[in-house]
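Secondary and tertiary structure notes
Chain by chain, the residues run as shown.
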Amino acid sequence: MRDLETKAIELLNLCKDKGIRLATAESCTGGGIAAALTDIPGSSSVFERGFVTYSNEAKTELLGVPKTLIDVEGAVSEAVARAMAEGALAHSHADMAVSVTGVAGPDGGTEEKPVGLVHFAVAQRHGATAHRESRFDPLLGREGIRRESAILALNFLIGMVQAAPGQKAN
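Everything in this summary refers to the structure shown in the same document. Everything quoted here is computed from the prediction, not taken from an experiment.

Quick notes on the rules
- Residues numbered from 1 in each chain as written.
- Predicted model: local features only at pLDDT ≥ 70, side-chain atom pairs only at ≥ 80, totals over all residues.
- Heavy atoms only, no water.
- Axes fitted to C-alpha atoms, helices over the stretch in contact; angles between N-to-C directions.
- Helix = DSSP H or I, 4+ residues; strand = E, 2+ residues; numbered from the N terminus.
- Parallel < 35°, antiparallel > 145°, perpendicular 65-115°, else oblique.
- Left-handed = near helix turned anticlockwise from the far one by under 90°.
- Contact = heavy atoms within 4.5 Å.
- Nonpolar A, V, L, I, M, F, W, Y, C, P; charged D, E, K, R; others polar.
- Expected span 1.5 Å × (residues − 1).
- Buried < 20%, exposed > 50% of the residue type's maximum accessible area, 1.4 Å probe, protein only.
- Arc of directions from axis to C-beta.

**Some thoughts on the packing of helix α1 (residues 2–18) against helix α6 (residues 141–163)**
- Look at α1 against α6: their axes get within 9 Å of each other, and the N-to-C directions meet at 20 degrees. The angle between α1 and α6 falls in the class roughly parallel. The interaxial crossing formed by α1 with α6 has left-handed handedness. Across the interface between the two elements, D3, L4, K7, A8, E10, L11, L14, C15 and K18 from α1 touch A150, I151, L154, N155, L157, I158, V161, Q162 and A163 from α6.
- Tallied by class, residues from the contact of α1 with α6 come to 12 nonpolar, 2 polar and 4 charged.

Written as structure tokens, this is what we have:
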């Protein structure tokens, strides 16, 4: 848990310095990223809101992910990860949003989308949406895949925040 806490603190400090507010749209991590951020005192100055959209219906109803996109691409896909992050921005006052959708296991994997496959996206209010895909070792188990996904999401955000222009004057 230490890595998760360390990354959350680093991200929150970067966002405070740049005046960037965050939102999360989580599926396989089940709110773990939001929990890691809100475990840190003072996070309310950065963390705007989180969406836990575990079901396909939640992705559509809360984030506006088109049902047809989920039907065609599958919930665990680059297209849906991008739509989730963009939907979190559209339904919040955040400047940047991260999304995570994947197969944490131990069941649910297929040959095409095995256990450990996770898609991440970061959408920016004034910039392009970025995507990453990771294939975690299924031997990490469900808890390990979820934890490592949360850490990767925080690292992804850290990189995006570092590259983003600041929102407030120094």
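**As for α1**
- In this model α1 runs 25 Å from its N-terminal to its C-terminal C-alpha over 17 residues, within 8% of the 24 Å that 1.5 Å per residue would give.
- All of the buried residues in α1 are L4, A8, L11, L12, L14, C15 and K18. Taken around the axis of α1, the buried residues stretch over an arc of 165 degrees, which confines them to a single face. Turned more than 90 degrees away from the buried face of α1, the exposed residues are R2 and D17.
- Each element contacted by the buried residues of α1 is listed here: β1 (22–26), α2 (32–38) and α6.
- In the stretch just after α1, G19 is the one whose phi turns positive, near 70 degrees.

**Comments concerning helix α5 (residues 78–90)**
- Over its 13 residues, α5 runs 18 Å from end to end, which matches the ideal 18 Å to within 8%, given 1.5 Å per residue.
- All buried positions along α5 are accounted for by V80, A81, A83, M84, A85, G87, A88 and L89.
- Contacts from the buried residues of α5 go to β1, β2 (47–52), α3 (56–63), α4 (67–73), β3 (96–102) and β4 (117–124).

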